[in-house]
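Remarks on the overall topology
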Amino acid sequence: MNVSATIRDEYSESLSSASILVIDDEPGMRHFMTKILEPRCKRVEQAASAREASDILDKAHFDLIVLDNIMPGKTGLDWVAEQRRVGLFADTILVTAYADLDTAIQALRIGIADFVLKPFRANQILNAVARALDRKYLRRENYLLKHELSAEQSGARGRLLGKSAAIEKVRQMLQRLAPLPTPVLFTGASGTGKEIAARTLHSLSDRAEQPFVAVNCASLSPDRLAEELFGVIDAQDRRRDGLFLHADGGTLFLDEVAQMPEQVQAALLRVLEDQKVRPVGAERDIPLNLRFLLATNADLPDAIAAGKFRADLYHRINVVNIEMPPLRERIEDIVELAALFMDQFALSLGMPALELDEETLLKFSRYAWPGNVRELRNLIERSVILGAFPEEFAGTGSVTGTAAVENLDMVMQRHIMHVLDACDGNRAEAARRLGVSRKTVDRKCASWGV
């Protein structure tokens, strides 16, 4: 549909992204409702019977169904109850001329979202549709908010910081991948910022205004993981949408994907191949519009060799691999990260920031950081709470603040000492790596009393 031709009114914002199926055996009523809805909605389709509607739902997914209750063959309520058993993942508005108590009770029991009584005016059907969609979107927002608040890595909300060559390479790759739908696999040690990189990629893409949903596959039991991702229809035919549906239109980030159970791996492969999801207990697939980003700190080829990860899934997700560099390879970024974390925690905790003097910053630069950026972040938070750095990082230097961070001689000292540590103190090898003479290294070390 030509977007420029859509009607702009008080209903447009609620309806603009909606797909709606109109079911009514009366052609005049179908066309009347379609004429009202089509200029305001993303997609509107019609069905003249319950059978035709079932066939359409087997091929396409809708946000909302507007359904006449009295039709040949079976009532609209009977059709809804039947569809819930095979998988009805759309809210439903019932149009009826007979609003008796029994009909109302039955409608509530099977989850009808709203009623519209015949005869009705255009604004009445528009109001009902807008209300139903607003409730649907609100449920989605609440669900995603609860999921995000309960996630273990709820602190991974920052931006990708640093100016080192290693992180610039990552940033350039994210820029290149942003407009593409291609799955991306982030690898690297724990704490290197894989989720932050994934969030950055999402924010650069045309999906930035849509949900970014992060799932830690290691934190959920196998049975619960399948239901959380795919959704479920239980024994009472009640539906619960999964994260795939809640994230539809946006980006789904699957962390610790190596911990995913084999049966879920197989189902994920089908979703990636077909861009459709089948909720647990359902008989119907639902089309998806999702960007998949995945991450692991495990060696997936080793996991494949050990029979713990599917080779076909690995080849499907390993189209583009971004290896996140450990912090020890980003020596230039440590000071910037430490200063940022110090400001953040002083503000969020309401406690005084600690001075980052030249001795502390030098110790930071010479430390190996096996826990990577996460370890640095946790160290700063703990130090702000306790009011002092641990003894191994404490400094008594006189230069602090911007001077300690940006002073050229201090920047050079941190870099040279880091390289020397990496060379186990071998000054000749350090000079070779630095691209300077051995005498230069000796002279600098002498000036620093090393």
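All values derive from a computational prediction rather than experimental measurement.

1. Topic: the packing of helix α3 (residues 50–59) against helix α4 (residues 76–86)
- At a minimum axis separation of 11 Å, α3 and α4 run at an interaxial angle of 25°. By the angle class used here, α3 and α4 are roughly parallel. As for how α3 packs across α4, the hand of that crossing is right-handed. For the pair formed by α3 and α4, the contact residues are A50, A53, S54 and L57 on the first element and W79, E82 and Q83 on the second.
- Looking at the contact of α3 with α4 residue by residue, the classes come out as four nonpolar, two polar and one charged.

2. Some words on the side chain of N216
- Note on placement: N216 falls in strand β7 (residues 212–216).
- On the basis of relative accessibility, which here comes to 17%, the residue N216 falls in the buried class.
- Reaching out from N216, the side chain makes a polar contact with the backbone nitrogen of A218 at a distance of 2.9 Å.

3. Looking at the packing of aromatic side chains
- According to the stated counting rule, one finds ten aromatic pairs in the structure shown.
- With 5.7 Å between their ring centres and 80° between their planes, F244 and F292 make a pair best called edge-to-face. Of this pair, F244 sits in helix α10 (residues 243–246) while F292 sits in strand β13 (residues 291–296), and the two are 48 residues apart along the sequence. Considered together, F244 and F292 belong to a single accessibility category, that of buried residues.
- Their ring planes at 65° and their centres at 5.8 Å tell us that F364 and W369 sit as a pair that is edge-to-face.

4. Describing the pairing of strand β6 (residues 184–187)
- Of the two faces of β6, the one holding V184 and F186 and the one holding L185 and T187 are both buried throughout.
- In terms of strand pairing, β6 meets β13 through four bridges, oriented parallel. Looking at β13, one finds that F186 is bridged to A295.
- Pairing analysis gives four bridges linking β6 to strand β14 (residues 320–323), with the strands arranged parallel. Among the inter-strand pairings, L185 is bridged to a residue of β14, identified as N321.

5. Describing helix α14 (residues 331–349)
- Taking 1.5 Å of rise per residue, the 19 residues of α14 would be expected to cover 27 Å, and the 27 Å separating its terminal C-alpha atoms lies within 8% of that figure.
- All of the buried residues along α14 are I331, D333, I334, V335, L337, A338, L340, F341, M342, F345 and A346.
- Two residues or fewer after α14 comes G350, characterised by a positive phi angle close to 65°.

6. Some points on the nonpolar core
- Core analysis: the largest hydrophobic core is formed by 40 residues, its most contacted members being F244 and L252.
- Contributions of two or more residues to this core are made by β7, α9 (222–230), α10, β10 (251–255), α11 (262–274), β13, α12 (300–305) and α13 (311–317).
- Look past the residues within four positions of F244 in its chain and what remains in contact with it is L229, F230, L252, L268, V271, V277, L288, L290 and F292.
- Formed by 24 residues, the second largest nonpolar core is a distinct cluster that contains Y11, M33, L64 and I93.

Scoring rules and cut-offs
- Residues numbered from 1 in each chain as written.
- Predicted model: local features only at pLDDT ≥ 70, side-chain atom pairs only at ≥ 80, totals over all residues.
- Heavy atoms only, no water.
- Axes fitted to C-alpha atoms, helices over the stretch in contact; angles between N-to-C directions.
- Helix = DSSP H or I, 4+ residues; strand = E, 2+ residues; numbered from the N terminus.
- Parallel < 35°, antiparallel > 145°, perpendicular 65-115°, else oblique.
- Left-handed = near helix turned anticlockwise from the far one by under 90°.
- Contact = heavy atoms within 4.5 Å.
- Nonpolar A, V, L, I, M, F, W, Y, C, P; charged D, E, K, R; others polar.
- Buried < 20%, exposed > 50% of the residue type's maximum accessible area, 1.4 Å probe, protein only.
- Polar contact = N/O pair within 3.5 Å; in protein donor to acceptor, adjacent residues only side chain to side chain.
- Phe/Tyr/Trp six-rings, centres within 6.5 Å; stacked < 30°, edge-to-face > 60°.
- Pairing = 2+ DSSP bridges.
- Expected span 1.5 Å × (residues − 1).
- Core = buried A, V, L, I, M, F, W, Y, C linked by side-chain atoms within 4.5 Å.

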